[in-house]
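# What the coordinates show
Spelled out, the chains give:
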Amino acid sequence: MQVSMFQVEEYFNCHLQRRSWQSLHKDTRQAAVKMAEEDVKLALGTNTLDIGDLLIFCAVCEQALFLAMREARRQIRPRNHGALKSETIENLGKREYYDTAAEPESDSNSKSAGVLSPRSELFLSRLPGYGKSTVRLGRG
């Protein structure tokens, strides 16, 4: 991990979502920062990050928050059922639901895999050359 957790905690001291970040377990915060570094490296197409660059540092912090909060929501989300078809209460029992389309757990995670948070994307978009395509097409 290149980013100092002390620096990250200082960043979130003045953040609107400070309480959400601080409510997470220390291991979760560290894992989120590590994953965020990897996400930003992939987005920039580099093997190392210049954490001294404030835009990159802020992008890593925002991506860490995004990843950690998404994981926290995933853990508390109730299991989805189909629409209620019938309910029998005679002796306090029985509910029936329509079937929902089966959605594999790995598939729901892959939908958002590789996605940068909007604020992380905002910081990275300020870097010179970010998002510029290296493929140039011309008319012949």
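Residues numbered from 1 in each chain as written. Predicted model: local features only at pLDDT ≥ 70, side-chain atom pairs only at ≥ 80, totals over all residues. Heavy atoms only, no water.

## A closer look at the overall build of the protein chain
- Helix and strand content of the protein chain: six helices and two strands.
- Listed by position from the N terminus, the elements making up the protein chain come as α-α-α-α-β-β-α-α.
- A burial count over the protein chain gives 27% of its 140 residues as buried.
- Long-range contacts, defined as pairs at least 24 residues apart, comprise 64% of the intrachain contacts of the protein chain with a sequence gap of at least 6.
- In the form shown here, the protein chain has an accessible surface area of approximately 10300 Å², with 51% of it arising from carbon and sulfur atoms. (Helix = DSSP H or I, 4+ residues; strand = E, 2+ residues; numbered from the N terminus. Buried < 20%, exposed > 50% of the residue type's maximum accessible area, 1.4 Å probe, protein only. Contact = heavy atoms within 4.5 Å. Areas by Shrake-Rupley, 256 points an atom, 1.4 Å probe, with all protein chains shown as cover.)

## As for helix α3 (residues 26-44)
- With 19 residues, α3 should cover 27 Å at 1.5 Å per step; its first-to-last C-alpha distance of 27 Å lies within 8% of that length.
- Residues of α3 that are buried: Arg-29, Ala-32, Val-33, Ala-36, Glu-37, Val-40 and Lys-41.
- The inward-facing, buried residues of α3 abut α1 (5-13), α2 (18-23), α4 (54-76) and α6 (118-125).
- Phi for Gly-45, located one or two positions after α3, is positive at around 70 degrees. (Expected span 1.5 Å × (residues − 1).)

## Let's talk about the nonpolar core
- Core analysis: the largest hydrophobic core is formed by 29 residues, its most contacted members being Val-8, Trp-21, Val-33, Phe-57 and Val-60.
- Elements with a minimum of two residues in this core: α1, α3, α4 and α6.
- Residues within four places of Val-8 in sequence aside, it is in contact with Val-3, Trp-21, Val-33, Phe-57 and Cys-61. (Core = buried A, V, L, I, M, F, W, Y, C linked by side-chain atoms within 4.5 Å.)

## Brief notes about the packing of α1 against α4
- Two elements in contact, α1 and α4, have axes whose closest approach is 11 Å; the angle formed by their N-to-C orientations is 80 degrees. In terms of orientation, α1 lies roughly perpendicular with respect to α4. Taken together, the residues of α4 that come into contact with α1 (itself represented by Gln-7, Val-8, Tyr-11 and Phe-12) are Phe-57, Cys-58, Cys-61, Glu-62 and Leu-65.
- The residue makeup of the contact of α1 with α4, split by class, is seven nonpolar, one polar and one charged. (Axes fitted to C-alpha atoms, helices over the stretch in contact; angles between N-to-C directions. Parallel < 35°, antiparallel > 145°, perpendicular 65-115°, else oblique. Nonpolar A, V, L, I, M, F, W, Y, C, P; charged D, E, K, R; others polar.)

## A few points about the environment of Ala-68
- Position of Ala-68 among the secondary structure elements: in helix α4.
- Spatially, the C-alpha atoms of Ala-68 and Trp-21 are 8.0 Å apart, while their sequence positions differ by 47 residues.

## Some points on the packing of aromatic side chains
- Taken as a whole and judged by the stated rule, the model has three aromatic pairs.
- Consider the rings of Tyr-11 and Phe-57, whose centres lie 5.8 Å apart with planes at 90 degrees: the pair is edge-to-face. On the criterion of sequence distance, the pair formed by Tyr-11 in helix α1 and Phe-57 in helix α4 is long-range, its members being 46 residues apart.
- Relative to Trp-21, the ring of Phe-12 lies with its centre 4.4 Å away and its plane at 20 degrees, an arrangement referred to as stacked.
- Phe-12 sits in the buried class, given a relative accessible area of 0%.
- Among the residues examined, Trp-21 registers a relative accessible area of 0% and is labelled buried.
- Each member of the aromatic cluster is reached from another via a ring pair, and the members are Tyr-11, Phe-12, Trp-21 and Phe-57. (Phe/Tyr/Trp six-rings, centres within 6.5 Å; stacked < 30°, edge-to-face > 60°.)

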